[in-house]
Amino acid sequence: MCQKFAKHSNYAHNSPSSYNHKYPNMMKMKPLITAISIAIVTTSVSAVAAPADNTRTLPVRTADSMPSIAKKVSLDVQENRSSSIDGRAPVVATPALKPNSPDRMTQLIDEKQEVDVETAQQAVSADNMTVEELARKDVQSDSTDDISEGQAVAAPTAAISDASPADTSIKSIEDVNGKKHTTLNLSNYAKQVNGATWTPNMKVNSAMTIKMQALLDWNHASPGAIDGGWGMNSKKALINFQTMKGLPATGKMDQKTWDALNKNIPANKPVLVTYTITEDDIKTNFASTPAGSEAKSKMKGLYYQDIKEMLGERFHMDVRYLDKLNKNKQYKAGETITVLNTRAPLKQRINRVVANKADKTLYAYNGDKLVATYPTTIGSDATPSPQGSFKIINKVKMPWYKATVGKGADKQIHMLPPGPNSPVGVVWMGLSKPSYGIHGSPKPEGISRQASAGCVRLTNWDVLEVYANIENGATVELK
């Protein structure tokens, strides 16, 4: 969803006292030049800018309904499942699976579960959906979106709500030091992932897939939502990492690439760790996101819909993979779950970014040095992004959203509260080109697979990393 910031007399204020006392955190926001204008089109695949439906678009949310992780034994889980780490024909992990033998990965997670591999291989995995299928599902889920135009703003004149989602939602993603990880009581599968080491001529396997995705994440060549499948975003991340390090950008693993991935990573850093759910986690505000802007405007915040969604974004994981790793968990305070050990902060100045539509990638530079890359959604055929060089003119966390419904005499205005399920996610960074910006997304699994109305859309955790390091006035090149 694309917006522009300009002065807006009704929605940008200097004094915290002018706001409702129930929004103490929002009151502290600095005066912002705000006003983001967009027209939202939801009638075609090419116009899905920032979806505002009430559920994730991927069709699976629970471990029981998710295709067996036997589907993930091979790394080649892009649309045609036609490639592997080293370019050889796909093969299954060692030991080889016989037609009716249990899925080794699922055995390691839950040794009591038996899986018919032939049936699992015939199942259609959401990770294996085509771009067209994913985009079509997004359009279907957006069919109830009634917004015809919108503006992102700092805060409404009189915010009526019990609490701002700003602190809990963003802290959930950013507060690395507040997440207490251990390696106690890890499953055999998690131990296998942590101990995985690449060697020439090795057979592809799921443990190595997750380790590679984690290493790319740690090196700030983001693979997006980590899911245990070697899809388009993981392939791009490997190519981007090789480019960052001056290696041949083959998208295939070799010894030099493996060594570079591990060069600045502690040898004993685990990929999968245990995390004990806290009372604060449980007390986080959760609420289903309703359809329609009027219903959304009555929400106190566009919060995470449940704790799994929150933990997925916190640990950079696809919710389905999180659920699969923690089958039969209740997600209650005091319960220990298995999660991904995420990257440390970038801590690199970003003064130039290049958003390349063909690559579906945002390249972040410090001068001429490429310091990070992120999968992104950039425009569509119907609403292409402009080409050229622009500037970051403002940066806003947790913007409110002024939604316009209908036109003429039937036009209605609804103020949508901020939150991770906002149409623009948790961050908006406006460009000097009116109506365009870089922002988050309520649907991290769809990044690179969906379309947008011309803006640059990242996962919420990736856009927060850019936000933390980019300067106002930084150059943004749209290609």
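Because the structure is predicted, anything quoted here is derived from the model rather than measured. (Residues numbered from 1 in each chain as written. Predicted model: local features only at pLDDT ≥ 70, side-chain atom pairs only at ≥ 80, totals over all residues. Heavy atoms only, no water.)

1. Side note on the overall build of the chain
Piece 1. The secondary structure content of the chain amounts to 13 helices and 15 strands.
Piece 2. Split into buried and exposed, the 479 residues of the chain put 60% on the buried side.
Piece 3. Excluding contacts between residues fewer than 6 apart, the proportion of contacts in the chain whose partners are at least 24 apart in sequence is 71%.
Piece 4. About 19000 Å² of surface is accessible on the chain, with carbon and sulfur atoms providing 50% of the total. (Helix = DSSP H or I, 4+ residues; strand = E, 2+ residues; numbered from the N terminus. Buried < 20%, exposed > 50% of the residue type's maximum accessible area, 1.4 Å probe, protein only. Contact = heavy atoms within 4.5 Å. Areas by Shrake-Rupley, 256 points an atom, 1.4 Å probe, with all protein chains shown as cover.)

2. Overview of the pairing of strand 15 (residues 470-478)
Piece 1. With 5 bridges joining them, strand 5 (residues 350-356) and strand 15 adopt parallel strand pairing. Considered in strand 15, the bridge of Ala 355 is made with Leu 478.
Piece 2. Of the pairings in the sheet, the one linking strand 9 (residues 388-397) to strand 15 comprises 4 bridges and is antiparallel in character. Each bridged residue has a counterpart across the sheet, and for Phe 390 the counterpart in strand 15 is Val 476. (Pairing = 2+ DSSP bridges.)

3. Quick word on the nonpolar core
Piece 1. Counting 83 residues, the largest nonpolar core has Leu 272, Leu 311, Met 429 and Ile 438 as its most contacted members.
Piece 2. Looking at which element gives the most residues to this core, the answer is helix 6 (residues 206-218), with 8 residues.
Piece 3. Discounting residues that sit within four places of it in the chain, Ile 438 has contacts with Val 353, Ile 392, Val 427, Trp 428, Met 429, Val 456, Leu 458, Val 463 and Val 476. (Core = buried A, V, L, I, M, F, W, Y, C linked by side-chain atoms within 4.5 Å.)

4. Section: the layout of surface pockets
Piece 1. Put simply, the largest pocket is a space of about 380 Å³.
Piece 2. Around the largest pocket, the lining is made up of 17 residues, and of these Lys 171, Thr 278, Asp 280, Asp 281 and Arg 314 lie nearest the centre.
Piece 3. Where the lining of the largest pocket is concerned, the elements lending two or more residues are helix 4 (166-174), strand 3 (272-276), helix 9 (279-283) and helix 11 (307-314).
Piece 4. Of all the elements, helix 4 adds the most residues to the lining of the largest pocket, at 4 residues.
Piece 5. Grouping the amino acids of the lining of the largest pocket by side-chain chemistry returns 2 nonpolar, 6 polar and 9 charged. (1 Å grid on protein atoms, 1.4 Å probe; cavity = no way out; pocket = protein on both sides within 12 Å on 5 of 7 lines; lining within 4 Å. Points joined across faces, edges and corners; volume = space filled by probe spheres on them. Nonpolar A, V, L, I, M, F, W, Y, C, P; charged D, E, K, R; others polar.)

5. Examining the sheet that holds strand 5
Strand pairing in a sheet takes place through backbone hydrogen bonds and is either antiparallel or parallel in direction.
Piece 1. The strand order across the open sheet formed by 9 strands is 7-6-5-15-9-12-13-14-8, and the pairing between neighbours is mixed. Strand pairing shows two members of the sheet lacking a second neighbour, strand 7 (369-375) and strand 8 (377-378), which therefore form its edges.
Piece 2. Against the sheet, helix 7 (residues 232-244) contacts strand 6 (361-366) and strand 7, and its axis sits at roughly 180° relative to strand 7.
Piece 3. Sheet strands in contact with helix 13 (residues 460-469) are strand 5, strand 6, strand 7, strand 9, strand 12 (427-431), strand 13 (437-439) and strand 15, and its direction is about 55° off that of strand 12. (Axes fitted to C-alpha atoms, helices over the stretch in contact; angles between N-to-C directions.)

6. Observations concerning the packing of helix 7 against helix 8 (residues 255-262)
Piece 1. Contact pair helix 7 / helix 8: the axes reach a minimum separation of 11 Å and the direction vectors enclose 85°. The angle between the axes of helix 7 and helix 8 places the two elements in the roughly perpendicular class. Counted together, Leu 238, Phe 241 and Gln 242 of helix 7 and Thr 257, Ala 260 and Leu 261 of helix 8 form the full contact between these two elements.
Piece 2. Considering only residue class, the contact of helix 7 with helix 8 consists of 4 nonpolar, 2 polar and no charged. (Parallel < 35°, antiparallel > 145°, perpendicular 65-115°, else oblique.)

7. As for the environment of Arg 349
Piece 1. Here Arg 349 shows up in the loop between strand 4 (336-340) and strand 5.
Piece 2. Arg 349 sits 121 residues away from Ile 470 along the chain, and the two C-alpha atoms are 6.3 Å apart.
Piece 3. Once residues within four sequence positions are removed from consideration, Arg 349 is found in contact with Tyr 365, Asn 366, Asn 469 and Glu 471.

8. Examining the sheet that holds strand 2 (residues 181-182)
Piece 1. An order of 2-3-4 is seen for the 3 strands of this open sheet, with the pairing classed as antiparallel. This sheet does not close on itself; its edge strands, each paired only once, are strand 2 and strand 4.
Piece 2. Pairing of strand 3 with strand 4 involves 5 bridges; the strand directions are antiparallel. In the sheet register, Leu 272 faces strand 4, and the bridge partner there is Leu 340.

9. Describing the packing of aromatic side chains
How two aromatic rings sit relative to each other is given by the distance of their centres and the angle of their planes.
Piece 1. Taken as a whole and judged by the stated rule, the model has 1 aromatic pair.
Piece 2. The cationic tip of Lys 269 hangs over the ring face of Trp 218; the distance from NZ or CZ to the ring centre is 4.2 Å.
Piece 3. The cationic tip of Lys 395 hangs over the ring face of Tyr 467; the distance from NZ or CZ to the ring centre is 4.7 Å. (Phe/Tyr/Trp six-rings, centres within 6.5 Å; stacked < 30°, edge-to-face > 60°. Lys NZ or Arg CZ within 6 Å of the ring centre and 35° of its normal.)

10. A short note on the confidence of the model for the chain
Piece 1. Confidence in the prediction of the chain, expressed as mean pLDDT, is 73, and 62% of residues score 70 or more.
Piece 2. For the stretch residues 160-165, pLDDT sits under 50, and the model shows 22 contacts to residues farther than four places along the chain or on other chains. (pLDDT = per-residue confidence, 0-100.)

11. Some points on helix 7
Piece 1. Taking 1.5 Å per residue as the helical rise, helix 7 with its 13 residues ought to reach 18 Å, and the 18 Å between its terminal C-alpha atoms agrees with that figure.
Piece 2. Within helix 7, 11 of the 13 residues are buried, which leaves the element mostly enclosed by the surrounding structure.
Piece 3. Every buried residue of helix 7 is accounted for by Met 232, Asn 233, Ser 234, Lys 235, Lys 236, Ala 237, Leu 238, Asn 240, Phe 241, Gln 242 and Met 244.
Piece 4. Looking one or two places after helix 7, you find Gly 246, whose phi comes out positive at around 70°. (Expected span 1.5 Å × (residues − 1).)

12. Remarks on unusual backbone geometry
Piece 1. Even without being glycine, Asn 201 reaches a positive phi, approximately 70°.
Piece 2. With a phi close to 50°, Met 398 is a non-glycine residue in the positive phi region.
Piece 3. With respect to the helices and strands, the residue Met 398 is situated in the loop between strand 9 and strand 10 (400-405).
Piece 4. Relative accessible area serves as the criterion here: at 1%, Met 398 is assigned to the buried category.

13. Some details on the pattern of salt bridges
Piece 1. For the structure on display, the rule yields 10 salt bridges.
Piece 2. Between Lys 298 and Glu 294 there is a salt bridge whose closest N-O contact spans 3.9 Å.
Piece 3. As a salt-bridge pair, Arg 349 and Glu 471 come within 2.1 Å of each other at their nearest N and O atoms. A residue pair is termed long-range when its members are at least 10 positions apart, and Arg 349 in the loop between strand 4 and strand 5 and Glu 471 in strand 15 qualify at 122 residues.
Piece 4. It is possible to trace a salt-bridge network through shared partners that takes in Asp 217, Arg 343, Asp 462 and Glu 465. (Salt bridge = Lys/Arg side-chain N within 4 Å of Asp/Glu carboxyl O.)

14. A look at the packing of helix 6 against helix 7
Piece 1. Following both chains from N to C, one finds helix 6 and helix 7 inclined at 50°, their axes separated by 10 Å at the closest point. Accordingly, the angle class assigned to the pair helix 6 and helix 7 is oblique. Here helix 6 runs over helix 7; the crossing is left-handed. Seen from helix 6, the contacting residues are Met 212, Gln 213 and Leu 216; seen from helix 7, they are Ser 234, Ala 237, Leu 238 and Phe 241.
Piece 2. Across the contact of helix 6 with helix 7, the residue classes break down as 5 nonpolar, 2 polar and no charged. (Left-handed = near helix turned anticlockwise from the far one by under 90°.)

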